[in-house]
Amino acid sequence: MFKKISIITLCAVSAFAMHSAEVNINNSDIELSARIDMGQFNDGVEPNTIFLGAKYLNADEKHSDARSIDDYQEINFLMQRDVSSDFRLGLGFKLNHTKDFVSTPLGIEATYKLPIPSSVPFYLGGALYVAPEVLSYDKAEDFLEYRVTLEAEAIKNGFLVVGYRHMDTNYKRVDIEYNDSLYFGLKFLF
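Examining the pairing of strand E8 (residues 122-131)
Here's step 1: Judged by which residues are buried, E8 turns out to be one-sided: Tyr123, Gly125, Ala127, Tyr129 and Ala131 face inward and are buried, whereas Phe122, Leu124, Gly126, Leu128 and Val130, on the alternate face, are not.
Here's step 2: In this sheet, strand E10 (residues 140-155) lies alongside E8 in antiparallel orientation, the contact comprising 10 bridges. Bridging from a neighbouring strand, Tyr129 pairs with Glu145 of E10.

Things to note about the pattern of salt bridges
Here's step 1: Across all of its chains, the model carries 11 salt bridges by this definition.
Here's step 2: We note a salt bridge from Arg147 to Glu31, for which the minimum N-O separation is 2.9 Å. Placement of the pair is Arg147 in strand E10 and Glu31 in strand E2 (residues 30-37), with a sequence separation of 116 residues. With respect to burial, Arg147 and Glu31 carry one shared label: buried.
Here's step 3: Connected through salt bridges with shared partners, the residues Asp29, Glu31, Lys55, Glu74, Lys94, Glu145, Arg147 and Arg165 form a single ionic network.

Points about unusual backbone geometry
Here's step 1: Located in the positive-phi region is Asp100, a residue other than glycine, with phi close to 65 degrees.
Here's step 2: Positive phi, normally seen in glycine, also occurs at Asn157, with a value near 65 degrees.
Here's step 3: Mapped onto the elements, Asn157 comes out in the loop between E10 and strand E11 (158-171).
Here's step 4: Overall, Asn157 belongs to the partly exposed group, its relative accessible area being 32%.

Observations concerning the packing of aromatic side chains
The description of an aromatic ring pair uses the distance of the two centres, along with the angle that the planes make with each other.
Here's step 1: All chains considered together, the criterion is met by 7 aromatic pairs.
Here's step 2: Between Tyr123 and Phe159, the ring centres sit 5.9 Å apart and the planes meet at 65 degrees, which makes this aromatic pair edge-to-face. Of the two residues, Tyr123 sits in strand E8 while Phe159 sits in strand E11, which places them 36 residues apart along the sequence.
Here's step 3: Residue Tyr123 is classed as buried on the basis of its relative accessible area of 19%.
Here's step 4: The buried category is assigned to Phe159, whose relative accessible area is 7%.
Here's step 5: Aromatic side chains Tyr146 and Tyr164 sit 6.3 Å apart centroid to centroid with 45 degrees between the ring planes, which places their arrangement in the tilted category. One end of the pair, Tyr146, is in strand E10; the other, Tyr164, is in strand E11, and 18 residues separate them in sequence.
Here's step 6: Relative accessible area serves as the criterion here: at 26%, Tyr164 is assigned to the partly exposed category.
Here's step 7: Ring-pair connections join several aromatic residues into one group, and the members of that group are Tyr72, Phe101, Phe143, Tyr171 and Tyr178.
Here's step 8: Positioned over the ring face of Tyr129 is Lys94, at 4.2 Å from the centre of the ring.
Here's step 9: Over the aromatic face of Phe159 sits the side chain of Lys187, whose NZ or CZ is 6.0 Å from the ring centroid.

Cut-offs used in this document
- Residues numbered from 1 in each chain as written.
- Predicted model: local features only at pLDDT ≥ 70, side-chain atom pairs only at ≥ 80, totals over all residues.
- Heavy atoms only, no water.
- Buried < 20%, exposed > 50% of the residue type's maximum accessible area, 1.4 Å probe, protein only.
- Helix = DSSP H or I, 4+ residues; strand = E, 2+ residues; numbered from the N terminus.
- Pairing = 2+ DSSP bridges.
- Salt bridge = Lys/Arg side-chain N within 4 Å of Asp/Glu carboxyl O.
- Phe/Tyr/Trp six-rings, centres within 6.5 Å; stacked < 30°, edge-to-face > 60°.
- Lys NZ or Arg CZ within 6 Å of the ring centre and 35° of its normal.

Shown next, in the form of structure tokens:
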């Protein structure tokens, strides 16, 4: 299953003019994500403001309090803008899924370019997504995800990423910390 998803993701990266593609790993989890910049395909949309994306997380029980854990998939929408030359803010929503769990969390994302005098720009990012009971379906009760990232633009449009993610997929009968882990990875802009 993982090999199929990896091949599909790599083909999608080459077939579409994706705005970003990202791979994050740690000792037992792998996360693949991609976002398409709608401004690159539609003249009526300003580039770098509206994104459609997808994410896949193959998580392990080592970073969860569940005895067995299913793969996580999501599709997402994000609208963002520059608040200042160094600060970017976005609002969005997702449709996420694991076995017996579906929710539509609403969220906020932010990125700040750190004022460090260096030839390598650093960016601090964060995201918070929440789905209360009214936006949780199937056997889901609620959903919470937050993450913090530090990105270094090592080459033009190529980033080294270090981050922390916390995801709670709470069911009607049991509360589950789906994933709580540190990760590192690569991010590419196209």
